[in-house]
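Report on the structure
The residues making up each chain are set out below.
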Amino acid sequence: MFSTVCVIGLGYIGLPTAAALAANGIDVIGVDVDPATVDLINAGRAPFVEPDLAVAVSGAVAMGRLRATTTPEPADAFVIAVPTPLQDDRAADLSYVRAAAASVGQVLKAGDLVILESTSPPGTTVELSRWLGKHRPDLTFPHESADVPDVRLAYCPERVLPGRTMIEIVTNDRIVGGVGEGCAERARALYQVFTKGECLLTDATTAEMAKLGENAFRDVNIAFANELSTVCDQLGVDAGDVIDLANRHPRVDILRPGPGVGGHCIAVDPWFIVSAAPRQARLVRLAREVNDGRPDYVLGEVVDTAGRFKDPVIACLGLAFKANIDDLRESPALQIVTRLAERQVGRLLVAEPHIRELPESLARTGVAQLVDVATAVRDADVVVLLVDHDAFRGVKRTTLRGKAVFDTRGFWR
């Protein structure tokens, strides 16, 4: 049914999806606006770190199943996996989806399938159908036709955990939401090419809201842990002990606090719910505000402690938004370290084993140096653990003696 699939956007979701399809016998055309990304993939290399992805891309390119380009080409199905960042008013910026619609519209033909994977506000996939219809008035689309349309549309959000993407893209259940009659069934047929999880069929708007609900649920629970930690600090008790004891209750499972929430999902997507229903989404908004404020709290604690030293040296362990990846998007760790540097609090020794150079926002401050973890801890007066990378597990407690330690992840408990 599908011999060729065109994947628009070769980032953290699009490229693994392309590789998974190619590994299962589909010819995949990957499309990205960045020529450097296109060149890397055509050379059989992955442009970012994700376990098992480099091998999958190399194998797919070597077999002739995957190639990359900057413009879409005719295919049986199109998978759109482009960014949907926040605007200044915290509404979704859908300009990348609109641009994808414009480019895909040029090569569509009757019988094609278009799937949106980008996390989007409710109603976006129906809007995508309208955008495509404006570009191709010679074809019928599901938003306008009660009969079987020429082009079918569906929404299928990604549900993977960075660091486990190549595993979970195959094993996790998928939500498949169709815009009209037969659309979800057609999209399910594509995902069944590579997924072992169950494909759960619904309509597109319900699928969009389900994805946002998943991320908002996690955000609210993280906010509870972070707020509880702040309360414990105020009362002079150990938040880790409180959480450990509370979690011995059979129906309690409090998460560990952290320095904030990062990445392009949990730190962003709940705002789409708030934007869609601002009067009703009070708890979702409050959780976002709690987690958005967490880096300020950690920053203040570190600044106060560093003030005890004449010329403080601060070891900052981790810049990524979560453990064992190189993804710095919306990272609270990077935000904290950058602001420490901008405030000239002291000399910063940054240990981030998944990058080779400091990001420009941090490097230009002139007070931060990228070093290995042993050097950072050895030479520091203050040690701040921001990301629980496995590479930090080798830090011995004896090396922390006599130093001020902020373990924002409960890593060394």
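One can find the structure itself at the top, above this paragraph.
Cut-offs applied
- Residues numbered from 1 in each chain as written.
- Predicted model: local features only at pLDDT ≥ 70, side-chain atom pairs only at ≥ 80, totals over all residues.
- Heavy atoms only, no water.
- Salt bridge = Lys/Arg side-chain N within 4 Å of Asp/Glu carboxyl O.
- Buried < 20%, exposed > 50% of the residue type's maximum accessible area, 1.4 Å probe, protein only.
- Helix = DSSP H or I, 4+ residues; strand = E, 2+ residues; numbered from the N terminus.
- Contact = heavy atoms within 4.5 Å.
- Polar contact = N/O pair within 3.5 Å; in protein donor to acceptor, adjacent residues only side chain to side chain.
- Pairing = 2+ DSSP bridges.
- Axes fitted to C-alpha atoms, helices over the stretch in contact; angles between N-to-C directions.
- Right-handed = clockwise from strand over helix to strand, strands pointing away.
- Arc of directions from axis to C-beta.
- Parallel < 35°, antiparallel > 145°, perpendicular 65-115°, else oblique.
- Left-handed = near helix turned anticlockwise from the far one by under 90°.
- Nonpolar A, V, L, I, M, F, W, Y, C, P; charged D, E, K, R; others polar.
- Lys, Arg positive; Asp, Glu negative; His and termini not counted.

Attention now moves to the pattern of salt bridges. Counted by the stated rule, this structure contains 16 salt bridges. One salt bridge in this structure joins Asp-390 and Arg-393, with 3.4 Å as the shortest N-O distance. Classification of Asp-390 as partly exposed rests on a relative accessible area of 44%. Connected through shared salt-bridge partners, Asp-219, Arg-288 and Asp-292 make up one network.

Most of helix α12 (residues 332-342) sits inside the fold, with 8 of its 11 residues counted as buried. By the burial criterion, the buried members of α12 are Pro-332, Ala-333, Leu-334, Ile-336, Val-337, Thr-338, Leu-340 and Ala-341. Looking at the packing, one finds that the buried side of α12 touches α11 (282-306), β9 (313-317), β10 (347-351) and α13 (360-363). Of the residues that open α12, the one with a side-chain oxygen 3.3 Å from the backbone nitrogen of Ala-333 is Ser-331.

As a further point, take the sheet that holds strand β4 (residues 77-80). The 8 strands lie next to each other as β3-β2-β1-β4-β5-β6-β7-β8, forming an open sheet whose pairing is mixed. Bordering the open sheet on either side are β3 (66-69) and β8 (199-203), each of which pairs with just one other strand. Across the sheet, the mean angle from the axis of one strand to that of its neighbour is 25 degrees, orientation sign disregarded. Two strands pair when backbone bridges link them, and strand β1 (residues 4-8) and strand β2 (residues 27-31) are joined in this way by 5 bridges, in the parallel orientation. If you follow Ile-8 over to β2, its bridge partner there is Val-31.

It is worth spelling out the pairing of β10 at this point. The element β10 is extensively covered by neighbouring structure, given that 4 of its 5 residues are classed as buried. Where β9 and β10 come together, 5 bridges link them in parallel fashion. Following the sheet pairing, Ala-315 is matched in β10 by Leu-349. A crossover connection joins β9 to the parallel β10 through α12; in handedness this β-α-β unit is right-handed. Relative to strand β11 (residues 368-370), β10 is paired through 3 bridges, and the arrangement is parallel. Each bridged residue has a counterpart across the sheet, and for Leu-348 the counterpart in β11 is Ala-368.

It is worth spelling out helix α9 (residues 239-246) at this point. Counting along an α-helix, one turn takes 3.6 residues, and residues three or four places apart therefore face a common direction. When we look at burial in α9, the residues that qualify are Ala-239, Gly-240 and Ile-243. Projected down its long axis, α9 shows its buried positions confined to an angular sector of 100 degrees, all on one face. In this structure, the buried residues of α9 make contact with α8 (204-235). Where α9 begins, the capping side chain belongs to Asp-238, and its oxygen is found 2.7 Å from the backbone nitrogen of Gly-240.

On to the sheet that holds strand β12 (residues 382-385). The strand order β11-β10-β9-β12-β13 describes an open sheet built from 5 strands, whose pairing is parallel. Each edge of the open sheet is held by one strand with a lone partner, namely β11 and β13 (404-407). Taken pair by pair, the neighbouring strands of this sheet meet at an average axis angle of 20 degrees, ignoring direction. Contacting β9, β12 and β13, α11 crosses the sheet at an angle of about 175 degrees to β13. Across the sheet, α12 lies against β9 and β10, angled at about 160 degrees from β10, the strand it touches most.

Turning our attention to the packing of α11 against α12. Where α11 meets α12, the axes come as close as 10 Å, and the angle between the chain directions of the two elements is 40 degrees. Our classification of the angle between α11 and α12 gives oblique. In terms of crossing hand, the pair formed by α11 and α12 is right-handed. Of the residues in α12, those touching α11 at Pro-295, Asp-296, Val-298, Leu-299, Val-302 and Val-303 are Pro-332, Gln-335, Ile-336, Arg-339 and Leu-340. Looking at the contact of α11 with α12, its residues break down into 8 nonpolar, 1 polar and 2 charged.

Next up on the list: the side chain of Glu-352. If you trace the backbone, Glu-352 turns up in the loop between β10 and α13. Of the polar contacts made by the side chain of Glu-352, one reaches the backbone nitrogen of Ala-320; its length is 3.1 Å. When sequence neighbours within four positions are dropped, the list of residues in contact with Glu-352 reads Gly-318, Leu-319, Ala-320, Ile-325, Leu-370, Val-371 and His-389.

Right, let's get into the side chain of Asp-326. Structurally, Asp-326 is set in the loop between β9 and α12. The side chain of Asp-326 is buried and forms no salt bridge, while Arg-329, the nearest opposite charge, is found at 8.5 Å. Here the side chain of Asp-326 touches Val-49 through a polar contact of 3.3 Å, landing on its backbone nitrogen.

Positive phi outside glycine occurs at Glu-330, with the angle close to 55 degrees. Within the secondary structure layout, Glu-330 lies in the loop between β9 and α12. Backbone geometry places Gln-344, a non-glycine residue, at a positive phi of 55 degrees.

This is a description of form; function is not addressed.
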